[in-house]
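# Observations on the model geometry
Residues per chain are reported as follows:
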Amino acid sequence: MSHDGVGPRAVTRSVAFLTAGALAVPLLSGCGSADEAGKPLARQDIAPAGRAQVAEGGTLRWAVDAVPETFNTFQSDADAATTRVAQAVLPSMYRLDATGRPQRDADYLESAKVVDTEPKQVVLYKLNQQAVWSDGREIGAADFAAQWRALAGKDSAYWTARNAGYERIEKVERGANDLEVRVTFKRTYADWRSLFSPLYPKDVMGTPDAFNDAARRKLKVTAGPFVLKKVDRKKAQVRLTRNTRWWGRPAKLSEIVLTAVPRNERATALAAGKIDLAEIDPAAAQRVAGAAKGTAGPLAGPGSGRTAAKELRSWALAHGSDEEEAEDEVDARAELRKAVAKWEGQQKALRDFEVRRSLEPAYTQLALNGADGPLADERVRRAVARALDRKELAKIVLKPLGLPAEPVGSHLALAGQDAYADNSGALGGQDTTEAQALLADAGWVPGGPVKKQEKGEEAAGSEGKKAGGKKEGDSDDDSGDDSADGDGTYVVGADDKGEDARRSDGGGRQLAQDGKQYQQVRQGGAPGAYAPKGTAAPAGAPAKALAKDGKALSLRFVLPSGPGSEPLAAVADRITRMLAKVGIGTDITKVSDESYFKDHIASGQYDLALYSWPGSAFPATDARPIYAKPVPAADGSLSVEQNYTRVGTDQVDQLFEQAVSTLDEGEKRSLIRKADSRIWAAAGSIPLYQRPQLTAVRKTVVNAGAFGFQTPVYEDMGFLKKGAEKGAKASASPSEK
């Protein structure tokens, strides 16, 4: 889980009243058709080229967020770079295709199938006879067995972050020969294809000490098209070189160098020729795309905000009679000229790059903390959801990037994946009237009364919040308005207006006027600011603030503040306005990226939050801990697993267990979709949009870029031969051979 998104299965899918079962859920029947999955909303963008068009050799310099703290993907501090290395150097029995579906990797696996179901499920793996570790030893049953024992969860000496699926295995043994591995399950496991991907050698998995430490800083034994050659933490680089023992199609590149570059420095690093490929934020994408078109000149760089008036003033100061001031201004103008020249040079260098764009296999959601406060009431959560125009929110982020601006219709799969279906109808679309009715039914009424809160007393949301969508640090303009108290907290009903003035026009519309037919304009007001009594409020105007039991309805909206968080801030701002239309106030609090998850999301110190979950080809396994019903722990605390909204139901838990326990693909798909409908109905989280995937790539690099769902094919990446053209039919992936 992350507000930036994390590669699928890079970490544990990693980075809850009226019950959902009591609600009418119209999409629970007839949701077994595979046709509903559709196609991915956006195709991958990797400049495909056949291997014949790819030059031999070369070094691809690839930006990552950080040098991995561990190369063991099953440890808690594994990250996206850990996954990147594992994909290039370790075996995986299955990899994802362009639609996010698992496909057998023929470089390692000749076949894998369920050979028995009674009395127990047995899967028989037949390995590629050429598959060997980099030390020359054959990949075999001993490696499978060591990984099962390490991840089964029986031995706490193994510091594992996840063991989903492995705990259902009863035994792993050699088959009829060294190339066969038989895995017997004690309980039926539908997602058996998720196991042993990646597969580590027994040297890493064989003992707790080896598991905990052997693969943290190095990987001595590997079995992919590349090997881990060197980790240079001073230079923040990881060097992968060709595996001379690789039996598959030889890697085109001589080496891949993963270099840690902060996201806000990547455009500069690209221009300086330090990297060839980097995921970038929308601002950097605009700059790179503008350079290619010649449209991002000096006006987009240093001094771009200088108006003619500012320039004239600067010239006047530089040529004025105050010698000291003139000298300072002359120096400042010289520095600006240098900055502009540097910018122009960078823009010229960036013409060698292009932006490849797709949709990341991850989605951004609005999380609603249902542990306590107003959002513990399902009616309030549903009201929040019904106030949102998800299509509009998707457009804010995706339309400027030229990507399909479609809201995500499932918590458990993305468009194109087998389990996908749009189940949002279980909750319903944007409907202001319905949202207001739900709030009224929950006891939240316009206009108060609200008790004046003592210092330190909490408002209706967590941690004593302000109503009206104010951001932390905003100043309050009194201008004679007594609707705010001395500490800036808006107090509903403390505006000296009678209860008779708080009414609608009989049709449910809020009135623009309260009080007398023509109210005298107060000091600081504007002529014409007050309409005659009975005038309906303009469409989209904020509704009256709501209150219950003497407290205003205001929700704490927590956001990250680091580089690249601007799109989330824009979405949050629009959500705040949407909620204001139904009378829900918000208090936006921005926190550092470092504390956002640990101190707020995981600890439950928020009412509303925006963060992303990666998609998964195995939702019955990977999504279960995200939506599992919280249960009391032995120490009296609440055990939430990864359900940071604290919203869950017994029915959802049962549907996940049923889905993971059937080998009928159609039945599993139907159960996953039913679970998703129940999750929608509980309104603990609202999927908004699939995240954009923007990658700046040197124009000569092929078979790399915005990969979408698909696992990268590292051996086919490289630089285009001189005279060759991109777009030639790419070679078949390992699973298609």
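Up top is the structure.
Residues numbered from 1 in each chain as written. Predicted model: local features only at pLDDT ≥ 70, side-chain atom pairs only at ≥ 80, totals over all residues. Heavy atoms only, no water.

### Things to note about the overall build of the protein
For the protein, the count of helices and strands is 17 helices and 24 strands. Residues counted as buried form 52% of the 737 residues belonging to the protein. (Helix = DSSP H or I, 4+ residues; strand = E, 2+ residues; numbered from the N terminus. Buried < 20%, exposed > 50% of the residue type's maximum accessible area, 1.4 Å probe, protein only.)

### Re helix α13 (residues 593-601)
Here α13 has its buried residues at Ser595, Tyr596, His600 and Ile601. The buried residues of α13 all sit within an arc of 145° when viewed along its axis, so they share a single face. Residues of α13 that are exposed and point more than 90 degrees away from the buried face comprise Glu594 and Lys598. The elements touched by buried residues of α13 are β17 (554-560), β18 (585-591) and β19 (608-614). (Arc of directions from axis to C-beta. Contact = heavy atoms within 4.5 Å.)

### Considerations on the sheet that holds strand β15 (residues 546-548)
As summarised here, the arrangement of the 3 strands in space is β13-β15-β16, forming an open sheet in which the pairing is antiparallel. Of all the strands in the sheet, the pair left with one neighbour each is β13 (445-446) and β16 (551-552). Two elements, β13 and β15, share 2 bridges in a ladder whose sense is antiparallel. Residue pairing across strands places Pro446 opposite Leu546, the latter belonging to β15. (Pairing = 2+ DSSP bridges.)

### Notes on the side chain of Gln417
Looking at the secondary structure, you find Gln417 in the loop between α10 (390-398) and α11 (432-441). Accessibility expressed as a relative area gives 3% for Gln417, which makes it buried. Of note is the side chain of Gln417, whose polar atom sits 3.4 Å from the backbone oxygen of Gly100. If we ignore the near neighbours within four places in the chain, the residues touching Gln417 are Ala37, Thr99, Gly100, Arg101, Ser616, Ala617 and Phe709. (Polar contact = N/O pair within 3.5 Å; in protein donor to acceptor, adjacent residues only side chain to side chain.)

### Digging into the packing of aromatic side chains
According to the stated counting rule, one finds 18 aromatic pairs in the structure shown. Considering the side-chain rings of Tyr166 and Phe196, the 5.5 Å spacing of their centres and the 90° angle between planes classify their relative orientation as edge-to-face. Residue Tyr166 is located in the loop between α2 (141-151) and β6 (169-174), and its partner Phe196 is located in the loop between β7 (180-185) and α3 (202-205); the two are separated by 30 residues in the primary sequence. Across this residue pair, the class does not change: Tyr166 and Phe196 are buried. Taking the centre distance of 4.6 Å and the plane angle of 40° together, the rings of Trp246 and Trp247 count as tilted. Judged by relative accessible area, which is 11%, Trp246 ranks as buried. Each residue in the set Phe74, Tyr94, Tyr125, Phe144, Tyr166, Trp192, Phe196 and Tyr200 is aromatic and connected to the rest through ring pairs, giving one cluster. (Phe/Tyr/Trp six-rings, centres within 6.5 Å; stacked < 30°, edge-to-face > 60°.)

### Overview of the pattern of salt bridges
All chains considered together, the criterion is met by 35 salt bridges. Arg101 serves as the salt-bridge partner of Asp418, at 4.0 Å between the closest nitrogen and oxygen. One end of the pair, Asp418, is in the loop between α10 and α11; the other, Arg101, is in the loop between β2 (94-96) and β3 (102-104), with 317 residues separating them in the sequence. Given a relative accessible area of 24%, Arg101 falls into the partly exposed group. A salt bridge links Asp441 to Arg379; the nearest nitrogen and oxygen atoms lie 3.3 Å apart. Of this pair, Asp441 sits in helix α11 while Arg379 sits in helix α9 (residues 378-387); the two residues are 62 residues apart in sequence, bridging distant segments of the chain. A single network of salt bridges, built from pairs that share partners, joins Asp65, Arg263, Arg266 and Glu279. (Salt bridge = Lys/Arg side-chain N within 4 Å of Asp/Glu carboxyl O.)

### Some points on the sheet that holds strand β5 (residues 122-127)
As summarised here, the arrangement of the 4 strands in space is β4-β5-β7-β6, forming an open sheet in which the pairing is antiparallel. Looking at the sheet topology across the chains shown, the edges are occupied by β4 (109-116) and β6. Along the sheet, successive strands turn relative to each other by an average axial angle of 15°, direction set aside. Here β4 pairs with β5 via 6 bridges, running antiparallel. What sits directly across from Leu109, in β5, is Leu127. α2 rests against β5, β6 and β7 of the sheet, and its axis sits at about 160° to β6. (Axes fitted to C-alpha atoms, helices over the stretch in contact; angles between N-to-C directions.)

### Some details on the pairing of β17
The element β17 is extensively covered by neighbouring structure, given that 7 of its 7 residues are classed as buried. Neither face of β17 is exposed, since Ser554, Arg556, Val558 and Pro560 on one face and Leu555, Phe557 and Leu559 on the opposite face are all buried. Pairing of β17 with β18 involves 7 bridges; the strand directions are parallel. Across the sheet, the residue bridging to Val558 is Thr589, located in β18. Between β17 and its parallel partner β18, the chain crosses via helix α12 (residues 566-580), and the hand of that crossover is right-handed. Relative to β19, β17 runs parallel, the two sharing 2 bridges. When the sheet's bridge partners are listed, Val558 is paired in β19 with Ala609. (Right-handed = clockwise from strand over helix to strand, strands pointing away.)

### Details of the nonpolar core
Counting residues in each nonpolar core, the largest one holds 105 residues, and the members touching the most others are Met93, Tyr125 and Phe196. Not counting the four nearest positions on each side in its chain, Phe196 is found in contact with Pro91, Ser92, Met93, Tyr125, Phe144, Gln147, Trp148, Tyr166, Ile169 and Val183. (Core = buried A, V, L, I, M, F, W, Y, C linked by side-chain atoms within 4.5 Å.)

### Concerning the pairing of strand β12 (residues 353-368)
Most of β12 sits inside the fold, with 14 of its 16 residues counted as buried. Taken together, the 12 bridges between β12 and strand β22 (residues 685-698) define a ladder with antiparallel strand orientation. Pairing of Arg357 across the sheet is with Leu694, part of β22. For β12 and β19, the ladder comprises 7 bridges, and the chain directions are antiparallel. Paired with Gln365 across the bridge in β19 is Tyr611.

### Topic: unusual backbone geometry
The amide bond that connects Glu118 to the next residue, Pro119, takes the cis arrangement and shows omega of 0°. With an omega of 5°, the peptide bond running from Ser197 to Pro198 counts as cis. Along the chain, Pro198 turns up in the loop between β7 and α3. For Ala47, which is not a glycine, the phi torsion comes out positive at approximately 50°.

### Things to note about the packing of α10 against α12
Two quantities define a packed helix pair, namely the angle between the axes and the distance from one axis to the other. Packing of α10 against α12 leaves a shortest axis separation of 10 Å and a crossing angle of 155°. Classified by the interaxial angle, the pair formed by α10 and α12 is roughly antiparallel. When you trace α10 past α12, the crossing you get is right-handed. Residues Glu392, Leu393, Ile396 and Val397 of α10 form the contact with α12, whose own contacting residues are Ala570, Val571, Arg574, Ile575 and Met578. (Parallel < 35°, antiparallel > 145°, perpendicular 65-115°, else oblique. Left-handed = near helix turned anticlockwise from the far one by under 90°.)

### Here we look at the environment of Pro361
Here Pro361 lies in strand β12. Along the primary structure Pro361 and Pro40 are separated by 321 residues, whereas in three dimensions their C-alpha atoms are 9.7 Å apart.

### Let's talk about a negative patch on the surface
Where like charges cluster on the molecular surface, the negative patch consists of Glu323, Glu324, Glu325, Glu327, Asp328 and Asp331. Along the polypeptide, Asp331 turns up in helix α8 (residues 323-349). (Patch = residues over 30% accessible without salt bridge, like charges linked within 9 Å, V, L, I, M, F, W, Y side chains within 5 Å. Areas by Shrake-Rupley, 256 points an atom, 1.4 Å probe, with all protein chains shown as cover. Lys, Arg positive; Asp, Glu negative; His and termini not counted. Charge placed at Lys NZ, Arg CZ, Asp CG, Glu CD.)

### What to know about helix α17 (residues 665-682)
Under the 1.5 Å per step criterion, the end-to-end length of α17 is 26 Å for 18 residues, consistent within 8% with the ideal 26 Å. Most of α17 is tucked away, with 14 of its 18 residues classed as buried. The residue sitting at the N-terminus of α17 and contributing the capping side-chain oxygen is Asp664; that oxygen lies 2.9 Å from the backbone nitrogen of Gly666. Within two residues after α17, Ala683 carries a phi angle of roughly 55°, on the positive side. (Expected span 1.5 Å × (residues − 1).)

Remember that the coordinates give geometry; whether it matters functionally is a separate question.
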